[in-house]
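Fold and geometry: a report
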Amino acid sequence: MAWFEKNETPPQIPPAKALWAICPKCMSHMPKAAWKANNSICPKCNYHGRLAARERIAQVADEGTFAEVFREVSYSDHLEFHDATGDYKTKVEATIAKTGEKESVVMGTCEIGGHKAMLGVMDFAFMGGSLGTGTGERIARACEQARKERRPLVIFSASGGARMHEGILSLMQMAKTSAAIGLLKEEGLPFISVLTDPTTGGVSASYAMLGDINITEPKALIGFAGRRVIENTIHQKLPPDFQSAEYLEKHGFIDKIVERKDLKAFIAKMLNYWGF
Amino acid sequence: MATKKKQTPAAKTVKTPSAMDRVKLARDAKRPHIGDFINYVLDDFEELHGDRLVNDDRGLVGGFGTLAGRHVLVLGHNKGETVEENMASNFGMANPDGYRKAMRLAKLAEKFHCPVVTFVDTPGAYPGREAEERGQAEAIAKSLEVFALLKTPVVVVITGEGGSGGALAIAVGDKVLMMENAVYSVISPEGCAGILWRDGAKAPEAAEALKITAPDLKRLGAIDEIIPEPAGGAQKNKKAACLAVKKAVAAALDELDAIPCDALVEKRYAKLRSLGNFY
Ligand SMILES: [Zn+2]
């Protein structure tokens, strides 16, 4: 399910150009500072680049309202997994040190434009945003707390899929999260899923596609199988915009592509329409 | 934990097949497939076709039948027995249409309080252009939600290859049984080796590390019961293998009979909830 490892490696930047950002969609160069100043959006092609979970939370939650929950829930190395490049435990501990996060989704209660909500934001920098047991557990707990407190649920996904280092139990998180989301929706609570770049594999094939509405940002990559896997299976080249946000909207799987600057207001507006 | 994993060779009296040995057995073309299960496990069967939207996927088949005197819905991946069938069904790699057909029939079974029995045997969901355009991810996701909340008993049998999300889409149930030499994994050993070992030939190492055999999965709580196979594997005696499956499924259905449907969904959720909760 984790067929998107290639996307985890940033485009090759020669050391002399370490101060330059390259847009992965249109390959245009700009100073890193300019990229950041433009909220990680490409000024040339409007590709909405990846944000750290905390950056996203700051843009979506009303100021001072975000209260993190379930931070004690982290990864599990129940398989004592190691491969040719080393131990899972070593890699994930390095990720924790680098990102300051303990799992690939950050969860908390907050208000969005004055509407109370349970907000989850995935961080692609944490093991490619992969779905581990801790990720699934945080999401399931969030659904349960949202039901108890009658909070709408909003999740921003960014993930290459299930975390294979946690084996079958990572696959089981797809079922666990989908069940928890299903129970939440059955109780008349809304789930808004925001699929950001990239949302693929076991995450798109579970909670991320189960929103009462599924929305995304311009040019985000969204799909199930990887482009290379598909091309090798069907022996055909795929169109360049295959699995883009625009392609999915055209095929009926995305309710709306929303610009980053409008996301918060859009979510608040929908919650308002639905009486929350 | 680290010490427990080490087994001294002297302690082994019978040679246990390696994870990769089981992968080969699980993929053996002579292993019982959905047609054999319908033939030997059911007394009668009527296949029903189509997702009511675009297609009748051959990679996943379904229909109603009788199992040990009980009326059930049967769903299963279909690898096909002939080259033509293999092609038509993509070797059991279902399209979104297949999962949507499964959901449609599952809701029908729920309506009439028929238990559902699923036979899982797929390398994975089909990675194709149309599959993506018709929402492979959405179809699998929705299937997980539908089966988790289905108000009728669901018995799952992993019979061969349990290939990641494409398998899981019809493998959420009240009892998950697994044939002795079947495998069930988040990613194929070859796929995992290609990514984490940068070498597809390291699949045996990946298979070992991923813990994909029935005994390992039972230890992890991902499955409930192991169904024994004839000596040497199910392909040595299909009929005996299928009859062992029939016995195990009938016993599971008997056990689930006593539970009211609302309690069933609650219990199913509680079980999913316990998977990978280490905190
Ligand atoms: Zn660009």
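Structure shown above.
Remember, predicted model here, so these are calculated numbers, not experimental data.

**Comments concerning helix α4 (residues 133-149) of chain A**
All names here are of chain A.
- The terminal C-alpha atoms of α4, which comprises 17 residues, lie 24 Å apart, in line with the 24 Å expected from a rise of 1.5 Å per residue.
- In terms of burial, α4 is a largely internal element, 13 of the 17 residues being buried.
- After α4 finishes, the residue Arg-150 shows a positive phi value of roughly 55°.

**Points about the interface of chain A and chain B**
- The interface of chain A with chain B comprises 62 residues on the first partner and 50 residues on the second.
- Carbon and sulfur atoms make up 70% of the surface buried where chain A meets chain B, a total of about 4,900 Å² over both sides.
- The three residues of chain A that bury the most area against chain B are A:Met164, A:Ile168 and A:Phe224, which together make up 13% of that side's buried surface.
- In this assembly, chain A and chain B are joined by 3 salt bridges.
- For B:Arg273, the salt bridge identified is with A:Glu144, shortest N-O distance 2.5 Å.
- On inspection of chain A and its partner chain B, the count reaches 12 residue pairs in polar contact (both at pLDDT 80 or more).
- At the level of elements, β4 (82-83), α4, α5 (167-186) and α7 (227-234) of chain A are the ones that each hand at least two residues to the side of chain A that touches chain B.
- Of the residues forming the side of chain A that touches chain B, the biggest block, 17 residues, is contributed by α5(A).
- For the side of chain A that touches chain B, the per-class residue count stands at 33 nonpolar, 19 polar and 10 charged.

**Concerning helix α5 (residues 96-111) of chain B**
All names here are of chain B.
- Taking 1.5 Å per residue as the helical rise, α5 with its 16 residues ought to reach 22 Å, and the 23 Å between its terminal C-alpha atoms agrees with that figure.
- A large share of α5 lies buried, amounting to 12 of its 16 residues.
- Buried residues of α5: Pro-96, Asp-97, Gly-98, Tyr-99, Arg-100, Lys-101, Ala-102, Met-103, Leu-105, Ala-106, Ala-109 and Glu-110, and no others.
- Among the residues trailing α5, His-113 stands out with phi positive, at a value near 55°.

**As for a nonpolar patch on the surface**
All names here are of chain A.
- Nonpolar side chains collect at one region of the surface, where Tyr-273, Trp-274 and Phe-276 lie side by side and expose about 310 Å² of accessible area between them.
- Tracing the backbone shows Phe-276 in the segment after α9 (260-273).
- For Phe-276, a relative accessible area of 30% puts it in the partly exposed group.

**Considerations on the pairing of strand β10 (residues 213-216) of chain A**
All names here are of chain A.
- Of the two faces of β10, the one lined by Ile-213 and Ile-215 and the one lined by Asn-214 and Thr-216 are each fully buried.
- Taken together, the 4 bridges between strand β9 (residues 191-199) and β10 define a ladder with parallel strand orientation. The residue of β10 that forms the bridge with Ser-193 is Asn-214.
- Two strands pair when backbone bridges link them, and β10 and strand β11 (residues 256-257) are joined in this way by 2 bridges, in the parallel orientation. Across the sheet, residue Thr-216 finds its bridge partner in β11, namely Ile-257.

**Section: the coordination of the zinc ion**
- Those donors, A:Cys23 (SG), A:Cys26 (SG), A:Cys42 (SG) and A:Cys45 (SG), are the protein atoms that reach the zinc ion, and they lie 2.2 to 2.3 Å from it.
- Relative to the metal, the 4 donor atoms surrounding the zinc ion lie at angles of 105 to 114°, and the coordination shape comes out tetrahedral.

**Regarding the pairing of strand β2 (residues 60-67) of chain B**
Residues and elements named next belong to chain B.
- For β2, the buried fraction is high: 7 of the 8 residues fall into the buried class.
- With 8 bridges joining them, β2 and strand β3 (residues 70-77) adopt antiparallel strand pairing. The residue of β3 that forms the bridge with Leu-60 is His-77.
- Where β2 folds back on β3, the antiparallel hairpin that results is connected by 2 residues, among which Ala-68 adopts a positive phi of roughly 50°.

**What to know about the packing of α5(B) against helix α7 (residues 136-149) of chain B**
All names here are of chain B.
- Viewed as axis vectors pointing N to C, α5 and α7 meet at an angle of 20°, and their least axial separation amounts to 9 Å. Between α5 and α7, the crossing angle belongs to the class labelled roughly parallel. The chirality of how α5 crosses α7 is left-handed. Residues Pro-96, Tyr-99, Arg-100, Ala-102, Met-103, Ala-106, Lys-107 and Glu-110 of α5 form the contact with α7, whose own contacting residues are Gln-136, Glu-138, Ala-139, Ile-140, Lys-142, Ser-143, Val-146, Phe-147 and Leu-149.
- Of the residues that constitute the contact of α5 with α7, the class distribution is 10 nonpolar, 2 polar and 5 charged.

**Overview of the pattern of salt bridges**
All names here are of chain A.
- One pass over the structure, following the stated rule, counts 46 salt bridges over all chains.
- Residues Lys-264 and Asp-62 are paired through a salt bridge, measuring 2.8 Å at the closest nitrogen-oxygen approach. You can see Lys-264 sitting in helix α9 and its partner Asp-62 sitting in the loop between α2 (53-60) and β3 (67-69), a full 202 residues away along the chain.
- The class for Lys-264 is partly exposed, based on a relative accessible area of 25%.

Cut-offs applied
- Residues numbered from 1 in each chain as written.
- Chains lettered and ligands numbered in written order.
- Predicted model: local features only at pLDDT ≥ 70, side-chain atom pairs only at ≥ 80, totals over all residues.
- Heavy atoms only, no water.
- Helix = DSSP H or I, 4+ residues; strand = E, 2+ residues; numbered from the N terminus.
- Expected span 1.5 Å × (residues − 1).
- Buried < 20%, exposed > 50% of the residue type's maximum accessible area, 1.4 Å probe, protein only.
- Contact = heavy atoms within 4.5 Å.
- Buried area = accessible area lost by both parts, 1.4 Å probe.
- Salt bridge = Lys/Arg side-chain N within 4 Å of Asp/Glu carboxyl O.
- Polar contact = N/O pair within 3.5 Å; in protein donor to acceptor, adjacent residues only side chain to side chain.
- Nonpolar A, V, L, I, M, F, W, Y, C, P; charged D, E, K, R; others polar.
- Patch = residues over 30% accessible without salt bridge, like charges linked within 9 Å, V, L, I, M, F, W, Y side chains within 5 Å.
- Areas by Shrake-Rupley, 256 points an atom, 1.4 Å probe, with all protein chains shown as cover.
- Pairing = 2+ DSSP bridges.
- Donors = N, O, S within 2.8 Å, 3.2 Å for Na, K, Ca; no water.
- Tetrahedral: all angles 85-135°; square planar, octahedral: opposite > 155°, others 65-115°.
- Axes fitted to C-alpha atoms, helices over the stretch in contact; angles between N-to-C directions.
- Parallel < 35°, antiparallel > 145°, perpendicular 65-115°, else oblique.
- Left-handed = near helix turned anticlockwise from the far one by under 90°.

Take it as geometry only, folks, not as evidence of what the structure does.
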